[in-house]
Amino acid sequence: MIATRKLTRFIAFVFGPLFIKGRWCIWALLFLMAMMMGNTITAIRMDIPNIEQVNRVTGKFVDISKGYGKGVLFDIAIVDAYGITHRCNCEPLAYSNCLGRRPSDHAEILNQLDPEMVKKYTLQKAIVNWLDGRNGEVWMYPNRSLFGTPHSCYKISSNGYTLLSFEQSVQNYQKAKSGLDIYLFWFISLSGLFAISVFVIVRINTYLKEVKNG
């Protein structure tokens, strides 16, 4: 019991100042920052497969956006012949955008899209709306994401039209894995770890001096 009290006092002395007087807000902000950098974390953690390793799923596309208006996510899934729903995303990319952001990327289907949907929301949202209910194929692979969908999209096609190619995905993901955000993430992480380490060492040293002096 005495040993437990001493350990509790030691932990409170060393780490307590990190949370008192509103400092817990800093940890909440750091958590939010980690979520905001989720794409970067995913890029660091993900392995890029070769073409033989991807999981190829054929079936019917289903819109799962649930009314999400901005359409910055690839909010669509594909249901296979067994009724199993498969979902992938492009978390390592900016805005998790699988489908490109320029109309010229999809010139072949522009005349098939709902112009009101494009005008009111985004091109990507209009494409998701267009895909809903169509037959197609998706190639995906696990990405070890911390916060998002645990699979990345590598190819998206429907009725002979390729919305996203495997080669394009690999190029984009490799670029994400070596982007400036990666270096910024490591700089912030290592700087924070160094600052906390110094703080803990100083507090431990202060605690030992107080114990020694009674």
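Figured I'd write up the structure that's included with this text. (Residues numbered from 1 in each chain as written. Predicted model: local features only at pLDDT ≥ 70, side-chain atom pairs only at ≥ 80, totals over all residues. Heavy atoms only, no water.)

**Thoughts on the state of the cysteines**
The line we're drawing: Count a disulfide wherever a pair of cysteine sulfur atoms falls within 2.5 Å. Put simply, DSSP H or I for four residues or longer makes a helix, DSSP E for two residues or longer makes a strand, and each gets a number counted from the N terminus. The classification of residues rests on relative accessible area computed with a 1.4 Å probe and restricted to protein chains. Under 20% of the type maximum is buried, over 50% is exposed, and intermediate values are partly exposed.
Applying the stated criterion across every chain, the model contains 2 disulfides. There is a disulfide in this structure between Cys 88 and Cys 153, and the S-S distance comes to 2.1 Å. Between Cys 88 and Cys 153 the sulfur-sulfur dihedral comes to about 105°; the bridge is accordingly right-handed. On the criterion of sequence distance, the pair formed by Cys 88 in the loop between β3 (85-87) and α4 (115-120) and Cys 153 in strand β5 (residues 151-158) is long-range, its members being 65 residues apart. Note on Cys 153: relative accessible area 0%, which makes it buried.

**Description of the pairing of strand β4 (residues 135-142)**
Under the convention used in this document: Strand pairing is assigned whenever DSSP identifies at least 2 bridges connecting the two strands.
Looking at chain direction, strand β1 (residues 55-63) and β4 are connected through 6 bridges and run antiparallel. Following the sheet pairing, Thr 58 is matched in β4 by Glu 137. Looking at chain direction, β4 and β5 are connected through 6 bridges and run antiparallel. Bridge pairing in β5 links Tyr 141 to Ser 152.

**A look at the layout of surface pockets**
For the record, the criterion: Cavities and pockets were defined on a 1 Å grid built over protein atoms only: a cavity is a set of grid points that admits a 1.4 Å probe from which the probe cannot escape, a pocket is an open set flanked by protein on both sides within 12 Å along at least five of seven lines, and lining residues are those with an atom within 4 Å of any such point. Grid points are joined across faces, edges and corners, and a volume is the space filled by probe spheres set on the points. Under the scheme applied, nonpolar residues are Ala, Val, Leu, Ile, Met, Phe, Trp, Tyr, Cys and Pro; charged residues are Asp, Glu, Lys and Arg; polar residues are all the others, including Gly.
Taken as a whole, the largest pocket encloses approximately 340 Å³ of empty space. Every residue lining the largest pocket is counted, 15 residues in all, and those nearest its centre are Leu 30, Ile 188, Ser 189, Gly 192 and Leu 193. Elements with a contribution of two residues or more to the lining of the largest pocket: α2 (24-36) and α7 (180-212). Its residues assigned to classes, the lining of the largest pocket comprises 13 nonpolar, 2 polar and no charged.

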